[in-house]
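Observations on the three-dimensional arrangement
For reference, the chains in residue letters:
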Amino acid sequence: MSRLARVFTFGGMDDRPSRLRRLMGMSLGLIYLFYPVSEVVDGTVTGARAVWWMAALAVFVAVYLTVVLGPRALDDHPRWMFPLLGVATVMGAVFPLLFRSPSWLTLPVYLVVAYAMGLPPRRALLGVAAMAALVLAEGKAMGADDGTVWALVLQVVTLGVLFMSVRNTRVLVVQLRQAQSEVARLAATEERLRIARDLHDLLGHSLSLIVLKSELARRLGEQGSPKAAGEVADIESVARQALAQVREAVSGYRRRRLSEEIDGARSALGAAGVALTVRTRGTPLPEDLDGLFAWAVREATTNVVRHSGATRCEIDVSYGEESAVLEIGDNGRGGAYEPGNGLAGLGERVRAAGGNLEVEAGKRGFRVRIAVAPPLDRTAEMIADRLGE
């Protein structure tokens, strides 16, 4: 059973408060029973026939209210609810012929409401058409006034279509709420992925640098070098910076700059004994591309420090009209590799920016290349359009 079927109720979407509203609405709708009741009250129907008359009417009302005031929509009712609706339909069709009175032709009005609110649109439409035909046929068979018969046919059709629209509106509201809930869930999932990806990139780089500097400080300390204290101070600084970056990542206010990451890469690679060469060409990068390339430099240099065993690393940044390209390569071991969380997360960032990530691991080392089409310069386009006019 679908969630929609479980949530949707006959007269509302929340069963407890809607039960009272439905009862009030159905109570007002019972005004159509005035016509058969009035024949007993004014003495038109008397004696045993009046007793049967009122008993049949009470049974129909009880069955009808049981159906429409059930705990859930008809498509989620217990199995016995459908036969109960069938019983109500039989009574609505048989009672007018049994009691031979046009006043009983008001019963199909209640049936179309039950059909429209509880059945799928096609079945409900068939039910409305069947009840309209029933009123017309039985009215003609009993010799009822044509004006009265056609008025009841019009009410059957009108109320059937009206309540089908009401049901459709409620279904759409439920679907909208489900869509909003799904959007919120997806947004929360995306935020968790963002935090996990950012924490991996942040902590992977910072912890690698801390490990390198710790090893260097230990060696210097064993040699009795006064430089050990400086390395320990650097470790403290990196740790504090990592803590601040984690807080920013969780808060969502972090904005990394390519120049900052290159400086950090220079420090980390220097501590690992890797010489860094940086080349830049073109105009300054837009903010979004600058942030993307900053993350790429952080991830790539972390991999160089951890896995490559390289002695040289190159970072090449170019930005032109057709594309923005970042290449990071080293002269390390290269060879076969298994992409980890860092490269996977970087690939997600690049694809989200509409770019392409290429990773090459060969005999000459490891190379990462990112190419992204730069955003359009809307100012230049507007000027060109004006000149064209």
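Described below are features of the structure shown in this document. (Residues numbered from 1 in each chain as written. Predicted model: local features only at pLDDT ≥ 70, side-chain atom pairs only at ≥ 80, totals over all residues. Heavy atoms only, no water.)

This paragraph deals with helix H11 (residues 287–308). Between the first and last C-alpha of H11 there are 30 Å, a value that for 22 residues agrees with the 32 Å anticipated at 1.5 Å per step. Among the 22 residues in H11, 18 count as buried, and that is most of the element. Following H11 by one or two positions, Gly 309 has its phi on the positive side, about 65°. (Helix = DSSP H or I, 4+ residues; strand = E, 2+ residues; numbered from the N terminus. Expected span 1.5 Å × (residues − 1). Buried < 20%, exposed > 50% of the residue type's maximum accessible area, 1.4 Å probe, protein only.)

Moving on to the packing of helix H3 (residues 34–41) against helix H4 (residues 47–68). Viewed as axis vectors pointing N to C, H3 and H4 meet at an angle of 155°, and their least axial separation amounts to 10 Å. With respect to each other, H3 and H4 are oriented roughly antiparallel. Read as a crossing pair, H3 and H4 show a hand that is left-handed. Facing H3, whose interface residues are Pro 36, Val 37, Glu 39 and Val 40, H4 presents Ala 50, Trp 53, Met 54 and Leu 57. Counted by class, the contact of H3 with H4 contains seven nonpolar, no polar and one charged residues. (Axes fitted to C-alpha atoms, helices over the stretch in contact; angles between N-to-C directions. Parallel < 35°, antiparallel > 145°, perpendicular 65-115°, else oblique. Left-handed = near helix turned anticlockwise from the far one by under 90°. Contact = heavy atoms within 4.5 Å. Nonpolar A, V, L, I, M, F, W, Y, C, P; charged D, E, K, R; others polar.)

Relative to the assigned elements, Arg 298 resides in helix H11. At a separation of 3.2 Å, a polar atom in the side chain of Arg 298 contacts the side chain of Glu 261. (Polar contact = N/O pair within 3.5 Å; in protein donor to acceptor, adjacent residues only side chain to side chain.)

In this section: the environment of Glu 39. Along the chain, the position of Glu 39 falls in helix H3. The class of Glu 39 is buried, set by a relative accessible area of 18%. Ignoring sequence-local partners within four residues, the contact set of Glu 39 consists of Thr 44, Val 45, Trp 53, Ser 101 and Ser 103. Within the structure, the side chain of Glu 39 is placed 2.7 Å from the side chain of Ser 101, a separation counted as a polar contact.

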